[in-house]
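Here's the letter readout for the chains.
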Amino acid sequence: MKTPDKNGKFGPYGGAFVPETLVPVLRELEACYHEATKDESFTRRFGDLLRNYVGRPTPLYYAERLSDEIGHRTYLKREDLCHTGAHKINNSLGQTMLAVRMGKKRIIAETGAGQHGVATATAAARFGLECDIYMGEVDMERQSLNVKRMELLGAKVIPVHTGQKTLKEAVSAAIRDWVANSSSTHYVLGSALGPHPFPMIVRDFQSCIGRECLRQIRKAEGRLPDIIIACVGGGSNSIGIFHPFLKFPEVRLIGVEAGGRGDSLGDHAARFSGGRLGVLQGTKTYVLQDGFGQIASTHSVSAGLDYAAVGPEHSYLRDTRRVQYIKVSDTEAIEAFGRLSDTEGILPALESAHAVAGLVKISPSLPPKSLVVLNLSGRGDKDVQQVIDFLNKKKGMNNE
Ligand SMILES: *Cc1c(COP(=O)(O)O)cnc(C)c1O
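### Observations concerning the pairing of strand 9 (residues 227–231)
If a strand is regular, its side chains alternate between the two faces of the sheet.
Turning to step 1, where the next piece is worked out: In terms of residue burial, strand 9 counts as a mostly covered element, since five of its five residues are buried.
Turning to step 2, where the next piece is worked out: By the alternation rule, side chains of strand 9 split into I227, I229 and C231 and I228 and A230, which are all buried.
Turning to step 3, where the next piece is worked out: Here strand 9 pairs with strand 10 (residues 252–260) via five bridges, running parallel. Within strand 10, the residue paired with C231 across the bridge is V256.
Turning to step 4, where the next piece is worked out: For the segment spanning strand 9, helix 11 (residues 236–242) and strand 10, crossover handedness is right-handed.
Turning to step 5, where the next piece is worked out: By the bridge criterion, three bridges tie strand 9 to strand 14 (residues 371–376) in an arrangement that is parallel.

### So, the site of the ligand
Turning to step 1, where the next piece is worked out: Near the ligand you find 17 residues, and of these K88, S191, G233, S236 and S377 are the closest.
Turning to step 2, where the next piece is worked out: Between the ligand and H87 there is a distance of 3.0 Å, counted from an oxygen atom to a side-chain nitrogen or oxygen.
Turning to step 3, where the next piece is worked out: The separation between an oxygen atom of the ligand and a polar side-chain atom of N237 is 2.8 Å.
Turning to step 4, where the next piece is worked out: Computed on the free molecule, the ligand has an accessible area of 380 Å², of which 97% lies beneath the protein chains in the complex.
Turning to step 5, where the next piece is worked out: The site holding the ligand turns out to be the largest pocket.
Turning to step 6, where the next piece is worked out: For the shell around the ligand, the per-class residue count stands at four nonpolar, 11 polar and two charged.

### What about the sheet that holds strand 5 (residues 106–111)?
The strands making up a sheet are joined through hydrogen bonds of the backbone, oriented either antiparallel or parallel.
Turning to step 1, where the next piece is worked out: With parallel pairing, the four strands of this open sheet are ordered in space as 7-6-5-8. Since the sheet does not close on itself, it has two edges, and those belong to strand 7 (156–160) and strand 8 (185–187), each with one partner. Taking the axes of each pair of neighbouring strands and ignoring which way they run, one obtains an average angle of 25° across the sheet.
Turning to step 2, where the next piece is worked out: The pairing of strand 5 with strand 8 spans three bridges and is parallel. Paired with I108 across the strands is Y187, a residue of strand 8.

### Things to note about the environment of Q281
Turning to step 1, where the next piece is worked out: Among the secondary structure elements, Q281 is positioned in the loop between strand 11 (276–280) and strand 12 (283–287).
Turning to step 2, where the next piece is worked out: The contact partners of Q281, leaving out residues within four places of it in the chain, are K168, V171, S172, I175, G194, P195 and Y307.
Turning to step 3, where the next piece is worked out: Engagement of the side chain of Q281 in a polar contact is seen with the backbone oxygen of K168, the distance being 2.8 Å.
Turning to step 4, where the next piece is worked out: Here Y307 takes part through its side chain, which lies 2.2 Å from a polar atom of the side chain of Q281.

### Describing the packing of aromatic side chains
Turning to step 1, where the next piece is worked out: Summed over the entire model, instances satisfying the criterion amount to 11 aromatic pairs.
Turning to step 2, where the next piece is worked out: Judged by centre distance (5.9 Å) and plane angle (35°), the rings of Y13 and Y286 are tilted. In this pair, Y13 sits in strand 2 (residues 13–14) while Y286 sits in strand 12, placing the two residues 273 residues apart along the sequence. Take Y13 and Y286: they sit in the same class, and that class is buried.
Turning to step 3, where the next piece is worked out: Between the aromatic rings of F272 and Y325, the centroid separation amounts to 4.5 Å while the plane-to-plane angle is 50°, which identifies the pairing as tilted. Remark: Y325 occurs in strand 13 (residues 323–329) and F272 occurs in helix 12 (residues 271–274); sequence separation between them is 53 residues.
Turning to step 4, where the next piece is worked out: The class of F272 is buried, set by a relative accessible area of 8%.
Turning to step 5, where the next piece is worked out: Looking at Y325, the relative accessible area reads 14%, which means it is buried.
Turning to step 6, where the next piece is worked out: An aromatic cluster is present here, built from Y13, F272, Y286 and Y325 joined pairwise through their rings.
Turning to step 7, where the next piece is worked out: R78 extends its terminal NZ or CZ atom over the ring of Y61, reaching a point 5.9 Å from the ring centre.
Turning to step 8, where the next piece is worked out: Positioned above the aromatic ring of F127 is the side chain of R126, whose terminal nitrogen or guanidinium carbon lies 5.0 Å from the ring centre.

### Brief notes about unusual backbone geometry
Turning to step 1, where the next piece is worked out: For the bond running from R56 to P57, omega is -5°, close enough to zero to count as cis.
Turning to step 2, where the next piece is worked out: Look at the link from H196 to P197: it is a cis peptide, with omega at 10°.
Turning to step 3, where the next piece is worked out: Summarising the element assignment, P197 is placed in the loop between strand 8 and helix 9 (198–206).
Turning to step 4, where the next piece is worked out: Of note in this structure, K369 is not a glycine but carries a positive phi near 60°.

### Things to note about the pattern of salt bridges
Turning to step 1, where the next piece is worked out: For the coordinates displayed, the defined rule picks out 26 salt bridges.
Turning to step 2, where the next piece is worked out: Of the charged contacts, one joins E351 and K382 as a salt bridge, the two residues approaching to 2.9 Å between their closest N and O atoms. Of this pair, E351 sits in helix 15 (residues 350–362) while K382 is found in the loop between strand 14 and helix 16 (384–399), placing the two residues 31 residues apart along the sequence.
Turning to step 3, where the next piece is worked out: Looking at E351, the relative accessible area reads 10%, which means it is buried.
Turning to step 4, where the next piece is worked out: Taken together, the shared-partner salt bridges in this structure form one network comprising R56, K77, E79 and E212.

### Side note on helix 14 (residues 330–344)
Turning to step 1, where the next piece is worked out: Between its first and last C-alpha, helix 14 extends 21 Å over 15 residues, near the 21 Å set by a 1.5 Å rise per residue.
Turning to step 2, where the next piece is worked out: The set of residues buried in helix 14 consists of D330, A333, I334, A336, F337, L340, S341, T343 and E344.
Turning to step 3, where the next piece is worked out: Phi for G345, located one or two positions after helix 14, is positive at around 70°.

What counts and how
- Residues numbered from 1 in each chain as written.
- Predicted model: local features only at pLDDT ≥ 70, side-chain atom pairs only at ≥ 80, totals over all residues.
- Heavy atoms only, no water.
- Buried < 20%, exposed > 50% of the residue type's maximum accessible area, 1.4 Å probe, protein only.
- Helix = DSSP H or I, 4+ residues; strand = E, 2+ residues; numbered from the N terminus.
- Pairing = 2+ DSSP bridges.
- Right-handed = clockwise from strand over helix to strand, strands pointing away.
- Near = heavy atom within 4 Å.
- Polar contact = N/O pair within 3.5 Å; in protein donor to acceptor, adjacent residues only side chain to side chain.
- Areas by Shrake-Rupley, 256 points an atom, 1.4 Å probe, with all protein chains shown as cover.
- 1 Å grid on protein atoms, 1.4 Å probe; cavity = no way out; pocket = protein on both sides within 12 Å on 5 of 7 lines; lining within 4 Å.
- Sits in = over half its atoms within 2 Å of the grid points.
- Nonpolar A, V, L, I, M, F, W, Y, C, P; charged D, E, K, R; others polar.
- Axes fitted to C-alpha atoms, helices over the stretch in contact; angles between N-to-C directions.
- Contact = heavy atoms within 4.5 Å.
- Phe/Tyr/Trp six-rings, centres within 6.5 Å; stacked < 30°, edge-to-face > 60°.
- Lys NZ or Arg CZ within 6 Å of the ring centre and 35° of its normal.
- Salt bridge = Lys/Arg side-chain N within 4 Å of Asp/Glu carboxyl O.
- Expected span 1.5 Å × (residues − 1).

This is how it looks when you write it as structure tokens:
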């Protein structure tokens, strides 16, 4: 069955729960998307930018020392080598090209870790569009380097002071702006989230990861992998690598969520452990919420995974058991960050370190010498200070 259906549903999930003024705007976006992807001049130009500007195809790298340590043949899909340092640019470029096609002169976006903001500011600069980025005050502090990068790229970063002052509030602020300015402005949503058609568009723009990976692993190993593993924030890098493999039931797909500092509500962002069906920011999906349906606060050492909802397609894939979801803690992710740095000379983004930690965690339970592909969604330069602070705090606690 092709998903989403014509109403934007993935089984019972997804849809478009939005103010009435946005309904025609979302329809315009969907129509533009379908036309563009059938227009050879659009796909050729997008393909050219992915090759020569982003640096695709990204390598599929055999991680020899990590493989020896964990006892499984492990390849890393190197999204960390994309221009701007993560997979986000694939989607930002694609959506910015749609904005140009719709005649919009201004781009807005929300950002948590700052990666999506940087990617979108980059795409906006490339196409000469005005660009405003909403970012929670707390995230601006913990990702101050990315704030500077966006400003150097010519974007305006607008601090969001409400609520928990992180990603959820930034999304709300961006949606409000969009409702007020939709005739001139396109909202570049950063993950496989939000109202239809965003989860579909973001998935399709990110599926280049999985399509390349399918070709590359066949060439390298002459067969499909046993396992593909990726971290799940909103769910875009994971659905991007999973999607072309959904039709091969022999390939086990594993998503890793942020287990944070504990299992209590407010201490993690593991929607599939503590979440229930709800509606957040335009889509029906698993949401972390309290007994009254109030959106719960979340915690993760990784800003990019720190969000109360998960993309609706993941909820569907979880219910149908096509994808299995696990979680790892802040501490496990930081350990995995060190491990990949030590064994392979690659500093992973803290988000991607969750996938590494997930692999380390399940590796004793896998058949020996399993063939694994891990989606290394981004590079860790932005997280160096964060890792140092975490380790110092831990040391301090141990000395007390
Ligand atoms: C934003 C981000 C993520 C989380 O977002 P998804 O939509 O779940 O992919 C993961 N890794 C990196 C490097 C990111 O920047």
